[in-house]
Amino acid sequence: MQQKIKRFHTVRRTLGVRELLAETRIDPSDLIWPLFIREDIAAPVPVPSMPGVFQYPPDIAINEVETAYRSGLRGVLIFGIPRQKDAHGTSAWNPQGGVQTVIKGIKQRVPNIVIFADCCLCEYTNHGHCGILTTRGLDNDATLDCLKKIAFSYANAGADFIAPSGMMDGAVQAIRQSLDDARHNHTGILAYSAKYASSLYGPFRDAAGSGTQFIGDRKHHQIAPTQRREAILETVQDISEGADLVMVKPGMMYLDIIRELRDQIKTPIVAYQVSGEYSMLQLAIKHNLANDRDIIMESVISLKRAGADLIITYAARDILRILSS
Ligand code: PBG
Ligand code: ZN
């Protein structure tokens, strides 16, 4: 007797049944919106390579976050662009700095939003590198001393999570120790554990002004795209050093890493849809190669389906708009 065919269309035919049976859902609280705080401006400045993304002066940034909170946003990631840069990135731990001001302002106005503060030197150094530069390259351990100062300063301002993004060895442990010593036991750490040396960070260096004097690359400290096991080792190490959350970055080109980590660890995983990924989507939309809502939603669904708990995306506000319509 001929076998009856299985009718898979039954579970796909209507929007209603597709919604009921969706295995992956995007919720406003899945999203973290990155924003750039620039100290030397009075009005928002658009980032040319990232349509829809702006650098904000501190006071306007606080207003924008408050508005986004009302439309459902629950997490922000703060980057700073200082008035002055020097070899050691000292403005990063200025208690009156743009990032510190914004953290304090958000905590006052919207205490319920979760603040992640990027902790790296590249936006603050005049050479654009993520640490202290010597004739022999980056001095990992000298950089850790700076990261501790930055972390302490952000925790004082009220950050919920410190996010060391420079891939310095031992950064998580150093920051954990310094936070604990300062009785900031409840300030957490989001570790950029599986951060790849990617060609997709170009627009970010525009947005963060961290590429101006940039000579060389970050291949000495970021993971090579060929490596899978190394990313797992880095992540396991960061967890043992005290990371509360770990990250895979970029997200869309590294879905296999997200999935593999999801299957191996219990720690929450954050996927970063980076600047280059965002700009590629925007370019596709601009050239009518894809429907804007569809491609944006598909891109974040893929990250969540791979196993991410949270998604950092420059499209966060657009997604909130799509979800509420
Ligand atoms: C710097 C940093 C980078 C990003 C976040 N923090 C760039 C880099 O490592 O060169 C990239 C984010 C993005 O591209 O959206 N530590
Ligand atoms: Zn950096």
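Just above, that's the structure.
Residues numbered from 1 in each chain as written. Chains lettered and ligands numbered in written order. Predicted model: local features only at pLDDT ≥ 70, side-chain atom pairs only at ≥ 80, totals over all residues. Heavy atoms only, no water.

1. Looking at the environment of Tyr272
Part 1 of the reasoning: Position of Tyr272 among the secondary structure elements: in strand β11 (residues 269–273).
Part 2 of the reasoning: Here the alpha-carbon distance between Tyr272 and Lys195, two residues 77 residues apart in the chain, equals 9.5 Å.
Part 3 of the reasoning: Ignoring any residue separated from it by four or fewer positions in sequence, one finds Tyr272 in contact with Pro34, Leu77, Phe79, Tyr192, Met247, Val248, Lys249, Pro250, Gly251, Glu277, Ile312 and Tyr314.
Part 4 of the reasoning: Within the local environment of Tyr272, its side chain forms a polar contact with the side chain of Tyr314, the two groups lying 2.7 Å apart. (Helix = DSSP H or I, 4+ residues; strand = E, 2+ residues; numbered from the N terminus. Contact = heavy atoms within 4.5 Å. Polar contact = N/O pair within 3.5 Å; in protein donor to acceptor, adjacent residues only side chain to side chain.)

2. Some words on the packing of helix α7 (residues 229–241) against helix α8 (residues 255–264)
In helix packing, the relevant descriptors are the interaxial angle and the interaxial distance, both defined with respect to the helix axes.
Part 1 of the reasoning: Interhelical geometry of α7 versus α8 gives an angle of 45 degrees and a closest axis separation of 10 Å. On the basis of their axis angle, the class for α7 and α8 is oblique. α8 is crossed by α7, and the crossing has right-handed handedness. Only Ile257, Glu260, Leu261 and Gln264 of α8 make contact with α7, whose side of the interface consists of Ala231, Ile232 and Thr235.
Part 2 of the reasoning: Partitioning the contact of α7 with α8 into residue classes produces 4 nonpolar, 2 polar and 1 charged. (Axes fitted to C-alpha atoms, helices over the stretch in contact; angles between N-to-C directions. Parallel < 35°, antiparallel > 145°, perpendicular 65-115°, else oblique. Left-handed = near helix turned anticlockwise from the far one by under 90°. Nonpolar A, V, L, I, M, F, W, Y, C, P; charged D, E, K, R; others polar.)

3. A short note on the coordination of the zinc ion (ligand 2)
Part 1 of the reasoning: Looking at the zinc ion (ligand 2), one finds its protein donor set to be Cys120 (SG), Cys122 (SG) and Cys130 (SG), positioned 2.2 to 2.3 Å from the metal centre.
Part 2 of the reasoning: Coordination at the zinc ion (ligand 2) is tetrahedral, judged from the 4 donor atoms that bind it and the angles of 101 to 119 degrees they form at the metal.
Part 3 of the reasoning: Written as a sequence motif, the donor arrangement for the zinc ion (ligand 2) is C-x1-C-x7-C. Exposure class is identical for Cys120 and Cys122. Each is buried. (Donors = N, O, S within 2.8 Å, 3.2 Å for Na, K, Ca; no water. Tetrahedral: all angles 85-135°; square planar, octahedral: opposite > 155°, others 65-115°. Buried < 20%, exposed > 50% of the residue type's maximum accessible area, 1.4 Å probe, protein only.)

4. Quick notes on the site of ligand 1
Part 1 of the reasoning: By nearness alone, 17 residues border ligand 1, and Lys195, Arg205, Lys249, Ser275 and Tyr314 come closest of all.
Part 2 of the reasoning: Within the contact set of ligand 1, an oxygen atom lies 2.7 Å away from a side-chain nitrogen or oxygen of Lys195.
Part 3 of the reasoning: Considered on its own, ligand 1 offers 400 Å² of accessible surface; in the complex 100% of this is hidden by protein.
Part 4 of the reasoning: Residue composition of the shell around ligand 1, grouped by class: 10 nonpolar, 3 polar and 4 charged. (Near = heavy atom within 4 Å. Areas by Shrake-Rupley, 256 points an atom, 1.4 Å probe, with all protein chains shown as cover.)

5. Observations regarding a nonpolar patch on the surface
Part 1 of the reasoning: Residues Phe8, Val11, Leu20 and Leu21 make up a contiguous nonpolar surface patch of roughly 410 Å² in combined accessible area.
Part 2 of the reasoning: Mapped onto the elements of the fold, Phe8 is located in the segment before α1 (15–21). (Patch = residues over 30% accessible without salt bridge, like charges linked within 9 Å, V, L, I, M, F, W, Y side chains within 5 Å. Salt bridge = Lys/Arg side-chain N within 4 Å of Asp/Glu carboxyl O.)

6. Brief notes about helix α3 (residues 98–109)
Part 1 of the reasoning: The terminal C-alpha atoms of α3 lie 16 Å apart, and with 12 residues this matches the ideal 16 Å at 1.5 Å per residue to within 8%.
Part 2 of the reasoning: Within α3, the full set of buried residues consists of Gly98, Val99, Gln100, Val102, Ile103, Gly105 and Ile106.
Part 3 of the reasoning: In this structure, the buried residues of α3 make contact with β1 (31–38), α2 (58–70), β4 (75–81), β5 (114–119) and α4 (140–157). (Expected span 1.5 Å × (residues − 1).)

7. Some points on the side chain of Thr235
Part 1 of the reasoning: Examined against the element boundaries, Thr235 turns out to sit in helix α7.
Part 2 of the reasoning: Residue class for Thr235 comes out buried when judged on its relative accessible area of 0%.
Part 3 of the reasoning: Beyond its immediate chain neighbours, meaning those up to four positions away, Thr235 contacts Ser193, Ala194, Val246, Leu261 and Ile265.

8. Some details on helix α10 (residues 292–306)
Part 1 of the reasoning: The end-to-end C-alpha distance of α10, which contains 15 residues, comes to 22 Å, matching closely the 21 Å that a straight helix rising 1.5 Å per residue would cover.
Part 2 of the reasoning: Along α10, the residues that are buried comprise Ile295, Ile296, Met297, Ser299, Val300, Ser302, Leu303 and Ala306.
Part 3 of the reasoning: Its buried side turned inward, α10 meets α8, β11, α9 (275–286), β12 (310–313) and α11 (316–324).
Part 4 of the reasoning: By the N-cap criterion, in which a side-chain oxygen at the helix start approaches the backbone nitrogen of a residue two or three places on, α10 is capped by Asn291, the distance to Arg293 being 3.1 Å.
Part 5 of the reasoning: With its phi angle positive at about 130 degrees, Gly307 sits one or two positions after the end of α10.

9. Considering the pairing of β12
Part 1 of the reasoning: Burial along β12 is two-sided: the face carrying Leu310 and Ile312 and the face carrying Ile311 and Thr313 are both buried.
Part 2 of the reasoning: Where β1 and β12 come together, 2 bridges link them in parallel fashion. Bridge assignment links Leu31 to a residue of β12, and that residue is Ile311.
Part 3 of the reasoning: Direction of pairing for β11 relative to β12: parallel, over a ladder of 4 bridges. By the bridge assignment, Tyr272 is partnered in β12 with Ile312. (Pairing = 2+ DSSP bridges.)

10. Points about the packing of aromatic side chains
Part 1 of the reasoning: By the definition in use, this model includes 11 aromatic pairs.
Part 2 of the reasoning: Plain terms: the ring middles of Trp33 and Tyr56 are 6.4 Å apart, the flat faces sit at 70 degrees to each other, and that makes the pair edge-to-face. Here Tyr56 lies in strand β3 (residues 54–56) and Trp33 lies in strand β1, a separation of 23 residues in the sequence.
Part 3 of the reasoning: Between Phe116 and Phe161, the aromatic rings sit 5.0 Å apart at their centres with planes inclined by 15 degrees, giving stacked as the arrangement. Here Phe161 lies in strand β8 (residues 161–164) and Phe116 lies in strand β5, a separation of 45 residues in the sequence.
Part 4 of the reasoning: Clustering of aromatic rings is evident, with ring pairs tying together Phe36, Phe79, Tyr192, Phe204, Tyr272, Tyr278 and Tyr314.
Part 5 of the reasoning: Taking the ring centre of Phe8 as reference, the NZ or CZ of Lys6 above it sits at 5.4 Å.
Part 6 of the reasoning: The residue whose ring lies beneath Lys249 is Tyr201, and the NZ or CZ to ring-centre distance is 4.7 Å. (Phe/Tyr/Trp six-rings, centres within 6.5 Å; stacked < 30°, edge-to-face > 60°. Lys NZ or Arg CZ within 6 Å of the ring centre and 35° of its normal.)

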